[in-house]
Amino acid sequence: MNNLPCIILIEPQLAENIGMTARAMMNCGIAELRLVKPRENHLSDKAIAASSNAEEILYNASVYSSTEEAISDINWVLATTARHRDQIKPIFSAEFAATDMADKLKYGQKCGILFGPERTGLHNKDVCLSNAIINIPLNPKHCSLNLSQAVLLVGYEFYKTQKTMSENTLVTNNTEIADKEKTIKFCEFFEDLLSDCGAFKLDEKREKMVINLRNIFTRNQLTKQEIDTLYGAIRHLCKK
């Protein structure tokens, strides 16, 4: 697990939140969970049910009696808090923190992320043990996050550093994107029909109308199936 950060929950209060944290970790491919003085049993039925098939993380979790003990073997510790608590610390966005951790992990450094109790968040005595703070800017009128939500947001940013993720994907199912030849032939077919119907009465306006029509069909990536459907629909209308 040296190439992944570990999640450290300081005095978590509810077993359900520990379970949901394990679920969030599994979503993001993070496996190591450390617990400091949890109030409830992290292997209770409530925790297992809330983990939603991520109970493996709960069974492998380690329990510690102090934050100092939980981070003793870690080189780089980040504290998640909405407030810097008047401490002199670098403050990172979750995205920057994730990239920075990924670089450190490549060179063999062990990284850990601290999350505080649900009701109060991290205490000053825990924040002061960290190298830097992760701040997640949210609506200032309501910036409170559930424990597992905070873990998911930070975890997802790290997950993105491990995957090549497409910014935009078109699902074509059982067809494929039409090439320009097929698209242009359809446009010509449609324009010929319009011309036969007298749509282009004024020659000086024809070019503008044709350009506008072609933009409608060439602007987006129509599939072969969609173009065939348009052919069929127009031919049906023509019969009527």
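Parameters and conventions
Residues numbered from 1 in each chain as written. Predicted model: local features only at pLDDT ≥ 70, side-chain atom pairs only at ≥ 80, totals over all residues. Heavy atoms only, no water. Core = buried A, V, L, I, M, F, W, Y, C linked by side-chain atoms within 4.5 Å. Buried < 20%, exposed > 50% of the residue type's maximum accessible area, 1.4 Å probe, protein only. Helix = DSSP H or I, 4+ residues; strand = E, 2+ residues; numbered from the N terminus. Contact = heavy atoms within 4.5 Å. Pairing = 2+ DSSP bridges. Phe/Tyr/Trp six-rings, centres within 6.5 Å; stacked < 30°, edge-to-face > 60°.

Details of the nonpolar core
Ranked by internal contacts, the top residues of the largest apolar core, which has 36 residues, are Ile7, Leu9, Leu33, Leu78, Phe115 and Phe158. Looking at this core, the element that brings in the most residues is helix α5 (residues 94–106), giving six residues. Residues within four places of Phe115 in sequence aside, it is in contact with Ile7, Ile8, Leu9, Ile10, Thr80, Leu122, Leu147, Ala150, Val151 and Val154. Counting residues in hydrophobic clusters, the runner-up holds 14 residues, among them Ile10, Val36, Tyr64 and Ala79.

Here's the deal with the pairing of strand β1 (residues 6–10)
Of all five residues that make up β1, five are buried, and the element is covered over most of its length. Note: β1 against strand β6 (residues 111–115), four bridges, orientation parallel. Paired with Leu9 across the bridge in β6 is Phe115. Pairing between β1 and strand β2 (residues 33–36): four bridges, direction parallel. Bridge pairing in β2 places Ile8 opposite Arg34.

Brief notes about the packing of aromatic side chains
One pass over the structure, following the stated rule, counts seven aromatic pairs. Taking 6.3 Å as the distance between ring centres and 40 degrees as the angle between the ring planes, the aromatic pair formed by Phe186 and Phe189 counts as tilted. Here the residue Phe186 and the residue Phe189 both occupy positions in helix α8 (residues 180–196), the gap between them amounting to three residues, near one helical turn. Accessibility expressed as a relative area gives 1% for Phe186, which makes it buried. Plain terms: the ring middles of Phe186 and Tyr231 are 5.2 Å apart, the flat faces sit at 90 degrees to each other, and that makes the pair edge-to-face. Note that Phe186 is positioned in helix α8 and Tyr231 in helix α10 (residues 224–239), a separation of 45 residues in sequence.

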